[in-house]
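Structure assessment
The lines below spell out each chain.
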Amino acid sequence: MDTNLRKRIRAGDHDAFGDLFDAYARSVYNHAYRLTGDWTVADDVVSLTFLDAWRLRTKVDEEGGSLRPWLLGIATNVTRNTRRAARRHAAAVARLPRDEAVRDFADEVAGRLDDAAQLAVVRTALAKLRRSEREVLALCVWSGLDYRAAAESLGVPVGTVRSRLSRARTKLAKHVELPEARGQMRGDRGTAVGPLREGNR
């Protein structure tokens, strides 16, 4: 089925692309949110990812399995570009004359959440990681890709994925224990994590 879908997408079949969106939009959305921490930005990333996927459809190999790693790789690149654009926008806004500050109730509302303290710890820990480490963590731990698929998504060797994931886990262990970490498999196996993976069709 995946091979047939690849051929149809390469040929510009709109129905096939609709099937691709239906199958993987949620995975792309979740991946984008894990990288950005912002649902609105994640929405934008999904739209831009599938727009880029349509533009790059002729680069899809006719033979192969799931197209999920390919899409998550595109989403990772889109997220990088979106963040760069957001930083440029924020810098431009910061240069504008400031009006009188309006009270922001976001922190007050967040403070009512039972897990706010833990969420802050996780965000702080993730912020200490390099971008490349966060991307590998998001692909292998939260999206459930194995080392090979993550390497394909990022366009890097499998060994690079392994080392980045190892560094990310070591750094995070100093601040917070991720439940998914207990699913990490030892040895020279291809799968980065065991449980808690999204549908890898």
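Use the structure listed above.
Summarised in this report is the structure supplied together with it. A quick note: this is a predicted structure, and the numbers were derived from the prediction, not measured.

Glancing now at the overall build of the chain. Along its length, the chain carries 9 helices and 0 strands. When its helices and strands are written in sequence order, the chain yields α-α-α-α-α-α-α-α-α. Scored against the burial criterion, the 201 residues of the chain give a buried share of 36%. About 12,100 Å² of surface is accessible on the chain, with carbon and sulfur atoms providing 51% of the total.

Where two aromatic rings form a pair, the distance of their centres and the angle of their planes describe that pair. Enumeration according to the criterion identifies 5 aromatic pairs in this entry. By way of ring pairs, the aromatic residues Phe-17, Phe-21, Phe-50 and Trp-54 are connected into one cluster. Residue placement shows Arg-57 over the ring face of Trp-54; its charged tip is 4.0 Å from the ring centre.

As for its position among the elements, Gly-64 is in the loop between α3 (39–55) and α4 (68–94). Through-space distance from the C-alpha of Gly-64 to that of Thr-3 is 6.0 Å; in sequence the pair is 61 residues apart.

Relative to the helices and strands, Ile-9 is located in helix α1 (residues 2–10). With sequence-adjacent residues up to four places away left out, Ile-9 is seen in contact with Ala-16, Phe-17, Leu-20, Arg-57 and Leu-67.

The final tally for this structure, using the stated rule, is 9 salt bridges. Glu-62 is paired through a salt bridge with Arg-10; the nearest N and O atoms lie 3.7 Å apart. Of the two residues, Glu-62 is situated in the loop between α3 and α4 and Arg-10 in helix α1; the sequence distance between them amounts to 52 residues. Classification of Arg-10 as partly exposed rests on a relative accessible area of 31%.

Where helix α2 (residues 14–36) contacts α3, the axes come no closer than 8 Å and their chain directions differ by 140°. Between α2 and α3, the interaxial angle falls into the category oblique. Relative to α3, α2 is oriented so that their crossing is right-handed. The residues of α3 that touch α2, namely those facing His-14, Phe-17, Leu-20, Phe-21, Tyr-24, Ala-25, Val-28, Tyr-29, Ala-32, Tyr-33 and Thr-36, are Trp-39, Val-41, Ala-42, Asp-43, Val-45, Val-46, Thr-49, Phe-50, Ala-53 and Trp-54. Of the residues in the contact of α2 with α3, the class split is 17 nonpolar, 3 polar and 1 charged.

How each quantity is defined
- Residues numbered from 1 in each chain as written.
- Predicted model: local features only at pLDDT ≥ 70, side-chain atom pairs only at ≥ 80, totals over all residues.
- Heavy atoms only, no water.
- Helix = DSSP H or I, 4+ residues; strand = E, 2+ residues; numbered from the N terminus.
- Buried < 20%, exposed > 50% of the residue type's maximum accessible area, 1.4 Å probe, protein only.
- Areas by Shrake-Rupley, 256 points an atom, 1.4 Å probe, with all protein chains shown as cover.
- Phe/Tyr/Trp six-rings, centres within 6.5 Å; stacked < 30°, edge-to-face > 60°.
- Lys NZ or Arg CZ within 6 Å of the ring centre and 35° of its normal.
- Contact = heavy atoms within 4.5 Å.
- Salt bridge = Lys/Arg side-chain N within 4 Å of Asp/Glu carboxyl O.
- Axes fitted to C-alpha atoms, helices over the stretch in contact; angles between N-to-C directions.
- Parallel < 35°, antiparallel > 145°, perpendicular 65-115°, else oblique.
- Left-handed = near helix turned anticlockwise from the far one by under 90°.
- Nonpolar A, V, L, I, M, F, W, Y, C, P; charged D, E, K, R; others polar.

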